[in-house]
Amino acid sequence: MNPAGDVDLVLRGGLCVTCDEAGTVTAGDVYVDGGRIVAVGGPARGARRSVDASGTIVLPGLVNLHDHLRDMTPGLDAGEGLKLDEMLRFYWRLNEAAGAVEYETMAAYSTARLLASGVTTVVDHVYPFHRHGLDAATIAGYEATGIRWYLARGLMTRGYDPISEPLAEGFERVRSLLADGTPAERIMLAPVSFRQAAPTDYAAAREFASTYGLRLYTHVAETAAEVHNIEAEHGCRPIEFLDRLGFCGPDVTLVHCVELLASTGSHVVHCPSNHMKLAKGFTRVLDLLDAGVNVGLGIDQMADMFCEMRQEVLLQAIRNEDPGAVSPAVALRMATANGAKAVGLGGQLGEISVGALADLICVSARGLSIEPILDPAWSVVHRAGGSDVRHVIVDGRVVMEDREFAKLDAEALHRQAMDVIDGYFSKANIARTRIEL
Ligand SMILES: [Zn+2]
């Protein structure tokens, strides 16, 4: 705050859904200073910058806990109709053709797209690392857009030799990233799955993570077939097996989890659209939440977080035969406060409260598509979409205002990304053509 008492920024005139435990809804200006929220409502103050939030619902920025941003075919369209294992083989061939330019461009393009749909924090599960320079290229892509990023740094040591990376090489590359100044809290060490990493890799990852202060992350219990295979080979279910390997704990995030989880303190990410799209197993989110497990949401290459919140409510309603299984307010917390806990920022991110990090979005709440509004959480979950996001603030900085990026040349980035995709299909010798509009 400067001597005159002015704060950095105010969002004026919005209706805040705070996403705190009480689910508070309050009309009031949000004041931001030094990257943190310093007041919600209360007496008017001066601010060096003002953003008009009237006619919007103000939310904490959405936290996308699982995605694969390097992938060149958003929406999985090139693999449409394939089963998971077939689709992965298809992707691995595509990945084989990718280098630093592809990784950097797609990290930038995809994070720009996420920001424009209200995601201010992403955990990007990145692999393979079959060439030098891919870690740094990926981070450069994130930095270009200003998203709050977490690199779930994949370790893929088996599955498809041309893109597998020896474990020691993976560890060496992570050490280099840390030596070059990448903060340890932004890296999660992420053996990809039992399909792509050996059990000993998980134990080694735990040891490495403890030495360097990294969190851990992995795909596990993704399908019934995986549960069956691990049981047949190791005599227990995948998450128990992970726990026996010493992998689980409160610093760990597990993606998918179609089996129930004992109380390891680990966080769970559910990606409802991706589970339905690829006919994966059903994650018993209601039971996990009832058991006190922290569950967040991930887009996992599908549309946006609004869609994921809505799918979660609908999927849990039909599978539990209970229309109130997961309420819109709970889905909204999964997409905000719960996501923040899983990146180690519980209580500091993912809610609108004094002292929290100032990641905020304003969602248009006027007009035919959304009014009347009785319960803002209901309207956000059931009626809004990513393109309704009007303003985006990350770390107290206005990244997008009235749907225009403040600094990023989105058109140039779009052109660059489409060029990369065209080149990528031809490099991978895959007969698909992007349709130019
Ligand atoms: Zn995934």
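Report on the accompanying structure. (Residues numbered from 1 in each chain as written. Predicted model: local features only at pLDDT ≥ 70, side-chain atom pairs only at ≥ 80, totals over all residues.)

With that settled, consider the overall build of the protein. Along the protein, the regular secondary structure elements total 14 helices and 19 strands. Scaling as 2.2 N^0.38, a compact globule of 437 residues should have a C-alpha radius of gyration of about 22 Å, and the protein matches this with 21 Å. Relative to its full complement of 437 residues, the protein shows a buried share of 51%. A separation of at least 24 residues holds for 75% of the contacts in the protein among residues at least 6 apart in sequence. (Helix = DSSP H or I, 4+ residues; strand = E, 2+ residues; numbered from the N terminus. Rg over C-alpha atoms; globule rule 2.2 N^0.38 Å. Buried ≥ 20, exposed ≤ 12 C-beta atoms within 10 Å, placed from the backbone. Contact = placed C-beta atoms within 7 Å.)

Judged by pairing direction, the sheet is mixed, and its four strands sit side by side in the order β5-β4-β1-β6 without closing on themselves. The open sheet has two edge strands, β5 (36–40) and β6 (47–52), and neither has a second partner. With direction set aside, neighbouring strand axes in the sheet form an average angle of 25°. Bridge count for strand β1 (residues 7–12) against β6 is five bridges, and the pairing is parallel. For L9, the partnering residue across the bridge sits in β6 and is R49. (Pairing = 2+ DSSP bridges. Axes fitted to C-alpha atoms, helices over the stretch in contact; angles between N-to-C directions.)

This paragraph deals with the sheet that holds strand β17 (residues 389–394). Taken in spatial order, the seven strands of this open sheet run β3-β2-β7-β16-β17-β18-β19, and their pairing is mixed. Of all the strands in the sheet, the pair left with one neighbour each is β3 (25–27) and β19 (404–405). As paired elements, strand β2 (residues 15–17) and strand β7 (residues 56–60) share two bridges and run parallel to each other. Along β7, the bridge assignment pairs L15 with I57.

Before going further, it helps to examine the pairing of strand β10 (residues 148–155). Look at any regular strand and the pattern is simple: side chains alternate between the two faces of the sheet. In terms of burial, β10 is largely enclosed, as eight of its eight residues are buried. Every second residue of β10 is oriented toward a common face, with R148, Y150, A152 and G154 on one face and W149, L151, R153 and L155 on the other, all of them buried. Bridge count for strand β9 (residues 119–126) against β10 is six bridges, and the pairing is parallel. Within β10, the position partnered with V126 by the bridge is R153. Pairing analysis gives five bridges linking β10 to strand β11 (residues 187–191), with the strands arranged parallel. In the sheet register, A152 faces β11, and the bridge partner there is M188.

By secondary structure assignment, the location of V101 is in helix α2 (residues 100–116). Spatially, the C-alpha atom of V101 lies 7.2 Å from that of A137, the residues being 36 residues apart in sequence.

It is worth spelling out the pairing of β17 at this point. Counting buried residues along β17, six of its six residues qualify, which places the element largely inside the surrounding structure. Judged from the four bridges that link them, strand β16 (residues 360–364) and β17 form a sheet pairing that is antiparallel. Each bridged residue has a counterpart across the sheet, and for L360 the counterpart in β17 is I393. Of the pairings in the sheet, the one linking β17 to strand β18 (residues 397–401) comprises three bridges and is antiparallel in character. Counterpart to V394 in the pairing with β18 is R397. Following β17, the chain reverses through two residues before pairing antiparallel with β18; D395 in that reversal takes a positive phi of roughly 55°.

No statement about biological role is implied by the geometric values presented.
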